[in-house]
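Analysis of the macromolecular model
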Amino acid sequence: MTILYPVKRDSGLTIGGKAKGLVKLLETGINVPDFLVIPAENFSPLISQQGLAVSNIKDALLQFTLHEEDQQRLKKILAGWGFPEQSVIVRSSIADEDGAQDAFAGIMSSYPNLRDFNDLLQAIAHCAASAYSQEAIAYRAQRSLSNLAQPAVIVQKQLNSDSSGVVFSTYPQYPEEMAIHAVWGLGEGLVDGELDPDEFYLLKKDGSVTHQIIAVKEQQFKLDQQRGAQLVDVDPIRKNIPCLTDAQLQQLFTVSIALEKWNGHPQDIEFVIEDNELYFVQSRHITQVIPQIIVYDNSNIQESYCGVTTPLTFSFAQRVYFTVYQQTMILLSVPEKMAKTYQPVLENLLGLVKGRIYYNINNWYRGLQVLPSFKQNKEDMERMMGLEDPVDFISDTKKSFAEKLKLMPMFLTSLSRLLLAFRKLDRLVVIFHDHFSAYYDLFYQRLPTWTKGSEIVEQIKALDEALLKHWTTPIVNDFYVMMMNGKVRRKLIKAGIQEPEEFVSRYFSGNQQIESAQPAVVMQKIALEAMPQPELKALIIQLPADVHELIKMQFPKFYATVNDFIHTYGDRTVGELKLETVTMRLSPRIFYSYLRNYLSTENTFQTSASAHLHESAARELEDLLQNRSYFLKRGLHRSLRKLQEGIQYREAMRLERTRMFGMYRTLYLKAGSLLMQSGVLSSADDIFYLTEPEIHTLLLHEELPQTAAVIAERKKTFEGYKLEEVPARVIVPAPRNKLVEVIDDDPYTLRGTGCVPGAVTAEVIIIRGPEDDLDVNGKIVCALRTDPGWVALFPTCKAVLIEKGSALSHSVILLREFGIPAIINIPGLTNKLSSGQRISMNGTSGIIKIIDDEPN
């Protein structure tokens, strides 16, 4: 037999799970009350002699005693601890106890407050025998563990603690939090559930207390030298005060976070405090299933999918993202085996929250792990996506040197292929546009010939093959813009620019070549064509329901001009990526409602209205670079030029994306009409309440049970979503609301982020979709989100307020191009203001003042 002291992990003997946990604590440099271990090998002969008769094993272990020489060594160790004046506790440490899956919490016996050597010897035997108690046997059976337990026993100094407690380094109910529960005195009353503890919940990312409950602590367990742990009254002064100080909470937080990281798993930790010194007496895996935290953030995606959408749009968008980024994996030469492991990530880049499309941020971060320089790419992506609060619990996978060496060829190949694609981007963009335009024109020429459900399914697949599966160039360019934007930002900071994002916005102002601005430019030309024709102008301003047909009969030349515009830009409208959106292509009257704004104003639209912003930014940059090195100047100017070129490419290819979505929209609407004619749907628009696979099933004349009931239920559900408020970020499981001080602010003042300078006082118009009043002439447009489809509304409005947006979004870029004062990120904007109210806004300070409390 043998006794381990001091205890080391590499002893070669079986010390059990609890003892291993204590050794890990010591190795981490954490205070642990001194302990020794009687390894399982001491008990093995007794267990093996009894065969499988469990009751016999227990009886044999109850008779166990240490050899005389081990008893003498034990006495010597205990004397060094101050025994018998210093009491000890005997604790179990079974081989499979405190493991990743099986905690055995409260199953084994412990024997505290031992001061007599014979009692100690008996406690060692009883502790080992508890591995074969009825409770332990039942637990092992329930967990499908072997009947033969291997008990080791711990003998440890017992502290007469002032306070004790338990830490869950990750709280299963709220995984963003750490839970700390504590009581006065010994911890028995806490772990046994006899006493009400103080409860503290700390946010894992920074240790701040999100929630706490301070119990009225009437009693505590205190160690009595003669009688052991006794339940006594708490000093009245301490009944209502926390039993942990702020400093102790922070110390527990710091150590517990370190232990979780050290063990690679959330920890269940027991601690005691004696004479203001913190000790840890246990650290084991939390065996309860802890749900994965999923962060959904609508950031920039709400510009494209504003508000509540439909099941068809979501299922389509989810498939589009998967298909496109699967191509990216191929482009980067990601090995097939690794690409398969990322398939669930790519399939869930988006999430649907209360009918609204969100980014699944976790999976976007995971996708970045196929590229080198995770940290830098993560920061660049966060800025491009407009994430205001980055997610910190998704980090690069820690790799050994050998793993890094193994992955190096793939990383080098990926990087080289990406850099090569960057160098060929000019040519790739031209090829992409030529290919797209040829298919686009042919698609609408052949559209009338597709009259069967099977033909619609065939054309959807053809569209996938011809365009969607050849979307590599826009993705390469998005990577280019993301990386170049990060590069420019770092260089500007190095040059002395304090606000690089704001500077870049000004520097790029006045660019008349941006594709997103072209619909407004062309529409202005069409307005100028209509201006000299009083009857045509009057008809457009009157805007009858059949305005397009009337113009076809009365003004055929102008009608042809409008049709050319609609063929080119007819899918560009508010909410253009939502398949259920009614576009100018579907309802030309929308085009005329836009055009009417131009005809009813005397203002002249100028794309160069903000050119002075570029000039001032250029002068500012030259002043800062005056005494800097030639290489910094040359590199920064080149990077700015490349970034601007990438942004221009991006906006042009986003128009192609809009057109591609328009083609899918057209096919699905045609599918809706066919299914309505066959009696499957009661309305063609019901198609939007089915998913892509469901629609394909119906088009191929296959049965889909209870189609009408499913559609009715989804309509009801999604209509209900429109009445619900949903935050920009949704975390699942939902975090506990943080306790914050309520600030009594001026109810007549709203604040946001100023993006385009200018002070305006005017009437507000709230716009949520193309079905709303679009008479923005001379008004301040207020919206939850904006997308490129808003471009036709911008030129004649006074200013734009956006509830949620990014300073680098293309909508804000357009507003800068047009010189229209704008403020973004205004909490509650569309709920706090109403159409008809007069307000004043300042695009520099971001402050909005409500002048009229009630709408006119």
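One can find the structure itself at the top, above this paragraph.
For every chain, the first residue of the written sequence is number 1, and numbering continues from 1 onward in sequence order. Only residues with pLDDT of 70 or above have their local features reported here, since the model is predicted, and side-chain atom pairs are shown and tallied only from 80 upward, although totals for entire chains, interfaces and linings are computed over all residues. In computing side-chain properties, one takes all heavy atoms of the structure into account and sets aside hydrogens as well as water.

A closer look at unusual backbone geometry
Test applied: Working definition: helices are DSSP H or I runs of at least four residues, strands are E runs of at least two. Numbering for both runs from the N terminus.
Here tyrosine 5 and proline 6 are connected by a cis peptide whose omega angle stands at -5°. Secondary-structure assignment places proline 6 in the segment before α1 (16–27). With omega at 10°, the peptide bond leading from phenylalanine 83 into proline 84 counts as cis. Take proline 84: it is sitting in the loop between α4 (68–81) and β2 (88–94). A positive phi angle, near 50°, is found at lysine 354, a position not held by glycine. In this structure, lysine 354 sits in the loop between β14 (350–353) and β15 (356–360). Positive phi values are uncommon outside glycine, yet asparagine 825 reaches one of about 55°. Its location among the elements puts asparagine 825 in the loop between β22 (822–824) and α30 (829–832).

Section: the packing of helix α26 (residues 630–677) against helix α27 (residues 692–699)
Pairs of packed helices are described in terms of their axes, by the angle between the two and the distance that separates them. As a reminder of what qualifies: Axis lines are fitted to C-alpha atoms, over the contacting stretch for helices. Their N-to-C directions set the angle, which ranges from 0 to 180 degrees. Should an angle lie under 35 degrees it is considered roughly parallel, over 145 roughly antiparallel, and from 65 to 115 roughly perpendicular; all remaining angles are considered oblique. A crossing counts as left-handed when the near helix is turned anticlockwise from the far one by less than a right angle, and as right-handed when that turn is clockwise. Whether two residues are in contact is decided by their heavy atoms: any pair within 4.5 Å suffices. In this classification, the charged set is Asp, Glu, Lys and Arg, the nonpolar set is Ala, Val, Leu, Ile, Met, Phe, Trp, Tyr, Cys and Pro, and all remaining amino acids, among them Gly, are polar.
Here α26 crosses α27 at 45°, and the two axes come no closer than 11 Å. In terms of orientation, α26 lies oblique with respect to α27. As α26 packs across α27, the resulting crossing turns out to be left-handed. Listed contacts from α27 to Tyr668, Ala671 and Leu675 of α26 are Glu692, Ile695, His696, Leu698 and Leu699. Partitioning the contact of α26 with α27 into residue classes produces six nonpolar, one polar and one charged.

Describing helix α23 (residues 556–569)
Because each turn of an α-helix spans 3.6 residues, side chains separated by three or four positions end up pointing in the same direction. For clarity, the threshold we go by: By this rule, a helix spans an expected 1.5 Å times one less than how many residues it contains. Three labels apply to residues, based on accessible area from a 1.4 Å probe with only protein chains included: buried if under 20% of the type maximum, exposed if over 50%, partly exposed otherwise in between. To be clear, the arc concerns the directions from the helix axis to the C-beta atoms.
Here α23 contains 14 residues, and its C-alpha end-to-end distance of 20 Å stays within 8% of the 20 Å for a straight helix at 1.5 Å per residue. Inspection of α23 places Phe558, Tyr559, Val562, Phe565, Ile566 and Tyr569 among the buried residues, and these make up the whole buried set. Along α23, the residues classed as buried sweep out an arc of 120° about the axis, all on the same side. Every exposed residue of α23 that faces more than 90 degrees away from the buried side is listed here: Pro556, Lys557 and Asp564. Buried residues in α23 make contact with α20 (518–530), α21 (534–542), α22 (547–554), α24 (589–599) and α26.

A short note on the nonpolar core
Condition: Here the nonpolar core consists of buried residues drawn from Ala, Val, Leu, Ile, Met, Phe, Trp, Tyr and Cys, with membership extended through side-chain atoms lying within 4.5 Å.
If you look at the biggest cluster of nonpolar residues, it comprises 103 residues, and the most contacted ones within it are Met660 and Met663. For this core, the element with the most residues is α26, which contributes 17 residues.

What about the pattern of salt bridges?
So the rule is basically this: Think of a salt bridge as a Lys or Arg side-chain nitrogen and an Asp or Glu carboxyl oxygen that are within 4 Å of each other.
Summed over all chains, the structure comprises 22 salt bridges. Measuring nitrogen to oxygen at the nearest pair gives 3.0 Å for the salt bridge that ties lysine 239 to glutamate 218. Of this pair, lysine 239 sits in the loop between β10 (228–233) and α8 (246–263) while glutamate 218 is found in the loop between β8 (209–213) and β9 (219–224), placing the two residues 21 residues apart along the sequence. According to the relative accessible area criterion, glutamate 218 is partly exposed, its value standing at 42%. A salt bridge links glutamate 692 to arginine 319; its shortest N-O distance comes to 2.6 Å. With glutamate 692 in helix α27 and arginine 319 in helix α10 (residues 311–331), this pair connects stretches of sequence that are 373 residues apart. Connected through shared salt-bridge partners, Arg319, Asp464 and Glu692 make up one network.

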